[in-house]
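Report on the structure
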Amino acid sequence: MNEVENNFNDVSEMLDDMCNATVMETDMEETHTNQDNNMPEEEVEKFAKLWNDSHCELYPGSQYSKLSFLLKMINIKALTNSSNKSFTMNLELFMDALPKGETLPSSNYEMKKLMRDLGLGYVKIDACINDCVLFWKENENLDRCPNPACKAPRWKSGLGKHKKIAQKVLRHFPLVPRLQRLFMSKDIGEDMRWHKEKRVDDEMIRHPADAMEWKDFDNQHDWFAKDARNVRLGLASDGFNPFGNMSTNYSMWPVIVTPYNLPPWKCMKENFLMLSLLIPGKESPGNNIDVYLRPLIDELKELWETGVPTYDAYSAYGMLSGWSTKGKLACPVCNKWTCSLTLKNGRKQCYMGHHRYLHSQHSWRKNKKFDGKLERRSKLEELTRDEVLRQFEFVPKDLVFGKTPNRKKRVRSPQELNWTKRKKNICENILGTSMNIDGKSKDNIKARMDLKAMGIRKELHLQPKGNKFLMPLACYTLPTLERRKFCEWMKSIKLPDGYASNLSRCVNVEDCKILGMKSHDYQS
């Protein structure tokens, strides 16, 4: 599956995550009937339509959903510079050629309405022809530039009384909804913490977070630095001629924003470069670029001074359950008896000791391959409802929530354990490891180095061979022939409507890869 198809799956996964959040919030509102619903009805309707489109087949039996097919068509339109007319003609051709029951929109206009609901639209802001001001906010209703030395008209002349066309138009692509979408995908939401939680902090400079300027900023604004999810942005601009050599009288100056929270192999990728402004003009705006930056600066001020509520798909479980799913006591089932170990090479928290759940005479209890120790402990009993409530008694009743600047972080007492308030889908990792899928397998070089450091599983240690190392195939990794058979079986599965998505489109038999499955697909 190529990178573009992965992006379409990411959009569908983001909508699934948002749907789960909406369902959970609705359940909470039914319990707390006095809680106000902060989501406008119009937004709920838009989201419901998008979610339906992401799960609606293009036609009965199609491998594409309506949304994924349209996104692919839009991508082709952008790459080939196709006109709106040709896009509408292609839509009409597909509608005529596809089987009965197709769900395509009827025109380019209908497609644009869908894109606006996805948050992929932009705002047009008229500007003074001489780059003095924007006809925006306090100047929105003016017909001439308010600068006494300019007084240039806002509209082009000679177009009639009822047709007003601005002489210069700035296109603003709102930044806030796109930053919010980064946290609506579990995988990207996790990567947005990389700069603080996974970056190796030594004397080497591999990322902007390693620079002294970054660290000085953190020292000056420690309240901002405490939360790894707070976004650090880089900004760049340059001019280009969109028509090549056909015209030398026109240029565009895009303003690009990129989130530096992401690891270096992502933050400079095209997918994460966010177009914020398109400044038109025959020549560079020069120092006057500040005039055009105002919509972006106003957004950044809002983010800095007020902040914007955002659903974080990666940490949603911890937020809703009230039990922190990070650190030494991350398991809410094992509770205060959680067995954890920080891996030296992988720099991850590893949770060991699960063979204690085997019966007392099981042979694996004497097997030191798990964690290098004999297991003599008995099985843990799950906490009852009353026992959990008794733990809650140690949580303060007057907790103050929010991220108010300069507010001191609350230090939990030992009796509170990992409870933070009153109130990961591992199947993907298992499948990715057994199928040895690049980027999805947890069996990597660092994991093998950790096995050696722990003194267990000697047959899986890296084996030197000249200037290289060989990584022996693990017993839990399927051979190529068995992987291909498994993919062929997955490709042929037929499930009842509504039971799962179309699994066949998630399978690549030739490369023995399974990608793009959702949480409910694994449950099926």
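One numbering rule holds for all chains: residues counted from 1, following each sequence as written. Where totals are concerned, whole chains, interfaces and linings use all residues; where local detail is concerned, this predicted model gives features only for residues with pLDDT of at least 70, and gives and counts side-chain atom pairs only at 80 or more. With hydrogens and water stripped out, all remaining heavy atoms of the structure feed into the side-chain values.

Digging into the overall build of the protein chain
Operational definition: Per the convention used, a helix needs a DSSP run of H or I reaching at least four residues, while a strand needs a run of E reaching at least two, with both numbered from the N terminus. Think of it in three bands: residues with accessible area under 20% of the maximum for their type are buried, residues over 50% are exposed, and the middle band is partly exposed, with areas taken using a 1.4 Å probe on protein chains only. Reported accessibility uses the Shrake-Rupley method at a 1.4 Å probe radius. Residues are deemed covered only where the shown protein chains occlude them.
Helix and strand counts for the protein chain come out as 19 helices and eleven strands. Expressed as a percentage of its 524 residues, the buried residues of the protein chain come to 35%. By element, 54% of the accessible surface of the protein chain is carried by carbon and sulfur atoms, the whole surface being about 33200 Å².

Section: unusual backbone geometry
Of note in this structure, Asp 131 is not a glycine but carries a positive phi near 65°. On the secondary structure map, Asp 131 appears in the loop between strand S1 (123–127) and strand S2 (168–172). Residue Asp 131 is classed as buried on the basis of its relative accessible area of 13%. A positive phi angle is found at Cys 512, which is not glycine, with a value near 55°. Checked against the element boundaries, Cys 512 lands in the loop between strand S10 (507–508) and strand S11 (513–514).

Examining the sheet that holds strand S3 (residues 233–237)
Stated formally: For two strands to pair, DSSP has to find at least two bridges joining them. Whenever a helix is involved, its axis is fitted only over the stretch in contact; in every case the axis is a line through C-alpha atoms, and angles between N-to-C directions fall within 0 to 180 degrees. By definition in these notes, contact holds between two residues if any of their heavy atoms fall within 4.5 Å.
Spatially, the five strands line up as an open sheet ordered S1-S2-S5-S4-S3, and their pairing is antiparallel. In the strand order of this sheet, the two ends are held by S1 and S3, each with one partner. On average, each strand axis in the sheet is tilted by 20° relative to the strand beside it, whichever way the strands run. Relative to strand S4 (residues 251–259), S3 runs antiparallel, the two sharing five bridges. What sits directly across from Gly 234, in S4, is Thr 258. Set on the sheet, helix H6 (residues 176–184) makes contact with S3, S4 and strand S5 (274–281); between it and S5 the angle comes to about 160°. Relative to the sheet, helix H13 (residues 294–305) contacts S1, S2, S3, S4 and S5, its axis offset from that of S2 by approximately 30°.

Focus on the packing of aromatic side chains
We apply this condition: Pairing of aromatic rings covers Phe, Tyr and the six-membered ring of Trp, with a centre-to-centre limit of 6.5 Å; geometry is then stacked below 30 degrees between planes, edge-to-face above 60, and tilted otherwise.
This model, assessed by the stated rule, comprises ten aromatic pairs. For the ring pair Tyr 64 and Phe 69, a centre distance of 5.7 Å and an interplane angle of 70° mean the geometry is edge-to-face. Counting every residue linked through ring pairs, the aromatic cluster contains Phe 217, Trp 223, Phe 224 and Trp 304.

Focus: the pattern of salt bridges
Spelled out, the test is: Here, a salt bridge means any Lys or Arg side-chain nitrogen found within 4 Å of an Asp or Glu carboxyl oxygen.
Taken as a whole and assessed by the stated rule, the structure comprises 16 salt bridges. Its salt-bridge partner being Glu 138, residue Arg 294 comes within 3.0 Å of it at the nearest N-O pair. Taken together, the residues Arg 294 in helix H13 and Glu 138 in the loop between S1 and S2 connect sequence positions 156 residues apart. A salt bridge links Asp 201 to Lys 215; the nearest nitrogen and oxygen atoms lie 3.6 Å apart. Of the two residues, Asp 201 is situated in the loop between helix H8 (194–197) and helix H9 (212–220) and Lys 215 in helix H9; the sequence distance between them amounts to 14 residues.

A word on the state of the cysteines
Heads up, the condition is: Cysteine sulfurs are considered disulfide-paired once they come within 2.5 Å of each other.
Applying the stated rule across the entire model yields zero disulfides. Cys 128 supplies the cysteine sulfur nearest to Cys 150, a cysteine that is in no disulfide, at a spacing of 3.7 Å.

Description of the environment of Lys 518
Within the secondary structure layout, Lys 518 lies in the loop between S11 and helix H19 (519–523). Residues Lys 518 and Cys 506 lie twelve residues apart in sequence; the distance between their C-alpha atoms is 9.8 Å.

Concerning a nonpolar patch on the surface
The criterion, for reference: Patches in this entry comprise residues that are over 30% relatively accessible and not in a salt bridge; like charges within 9 Å are linked, as are nonpolar side chains (Val, Leu, Ile, Met, Phe, Trp, Tyr) within 5 Å.
On the surface, a cluster of nonpolar side chains totalling about 260 Å² of accessible area is made up of Ile 445, Met 449 and Met 471. Mapped onto the elements, Ile 445 comes out in helix H17 (residues 445–454).

Considerations on the pairing of S2
Burial of S2 is extensive: four of the five residues sit out of reach of the surface. Looking at chain direction, S1 and S2 are connected through five bridges and run antiparallel. Counted as the bridge partner of Ile 125 is Leu 170 from S2.

Focus: the nonpolar core
Inclusion rule: Joining through side-chain atoms within 4.5 Å is the link that ties buried Ala, Val, Leu, Ile, Met, Phe, Trp, Tyr and Cys residues into a set, and such a set is a nonpolar core.
Counting residues in hydrophobic clusters, the biggest one holds 25 residues, and the most contacted among them are Leu 134, Leu 170, Leu 182, Ile 279, Tyr 292 and Leu 296. If you list the elements that add at least two residues to this core, you get S1, H6, S4, S5 and helix H12 (289–292). Leave out the neighbours within four places in its chain, and Tyr 292 touches Ala 127, Cys 128, Asp 131, Leu 134, Lys 168, Leu 170, Leu 277, Ile 279 and Pro 285. One finds Leu 58, Met 73, Met 111 and Leu 114 within the second-largest nonpolar core, a separate group that totals 14 residues.

Some remarks on the side chain of Thr 88
We apply this condition: Contacts described as polar in this section are N or O atom pairs within 3.5 Å, which, within protein, must combine one atom able to donate a hydrogen with one able to accept it, while residues neighboring in sequence count only if both atoms come from side chains.
Along the chain, Thr 88 falls in helix H4 (residues 84–97). On the basis of relative accessibility, which here comes to 18%, the residue Thr 88 falls in the buried class. Among the polar contacts made by the side chain of Thr 88, one reaches the main-chain amide nitrogen of Asn 108 at a distance of 3.3 Å. Not counting residues within four places of it along the chain, the set of residues in contact with Thr 88 comprises Ser 107 and Asn 108.

Quick notes on a positive patch on the surface
Going by this rule: In this charge count, Lys and Arg are treated as positive and Asp and Glu as negative; neither His nor the chain ends contribute. The atom standing in for a charge is NZ when the residue is Lys, CZ when it is Arg, CG when it is Asp and CD when it is Glu.
On the surface, a cluster of positive charge is contributed by Arg 347, Lys 348, Lys 442 and Lys 446. Within the secondary structure, Lys 446 sits in helix H17.

Observations concerning the packing of H4 against helix H5 (residues 108–117)
Selection rule: What sets the label is the angle itself: under 35 degrees gives roughly parallel, over 145 gives roughly antiparallel, 65 to 115 gives roughly perpendicular, and the rest give oblique. Under this grouping Gly is polar, as are all residues other than the nonpolar Ala, Val, Leu, Ile, Met, Phe, Trp, Tyr, Cys and Pro and the charged Asp, Glu, Lys and Arg.
Put simply, H4 and H5 touch, their axes get as near as 9 Å, and they point 100° apart. With respect to their mutual orientation, H4 and H5 come out roughly perpendicular. Counting all contacts with H4, which are made through Asn 84, Phe 87, Thr 88 and Leu 91, the residues of H5 involved are Asn 108, Met 111 and Lys 112. Counted by class, the contact of H4 with H5 contains three nonpolar, three polar and one charged residues.

Some remarks on the confidence of the model for the protein chain
Put simply, the test is: Scored between 0 and 100, pLDDT is the confidence that the predictor attaches to each residue.
With 74% of its residues at a pLDDT of 70 or more, the protein chain has an overall mean of 77. Across residues 1–5, where pLDDT falls below 50, the model places nine contacts with residues more than four positions away in sequence or in other chains. Per-residue pLDDT stays below 50 along residues 400–405; that stretch engages in eight contacts with residues further than four places along the chain or on separate chains.

Considering helix H3 (residues 66–80)
In plain terms, the rule: How far a helix is expected to stretch is found by multiplying one less than its residue total by 1.5 Å.
Between its first and last C-alpha atoms H3 spans 21 Å; for 15 residues at 1.5 Å apiece the expected length is 21 Å, and the two agree. Residues of H3 that are buried: Lys 66, Leu 67, Ser 68, Phe 69, Leu 70, Leu 71, Met 73 and Lys 77. A positive phi of about 55° marks Asn 81, the residue just after H3.

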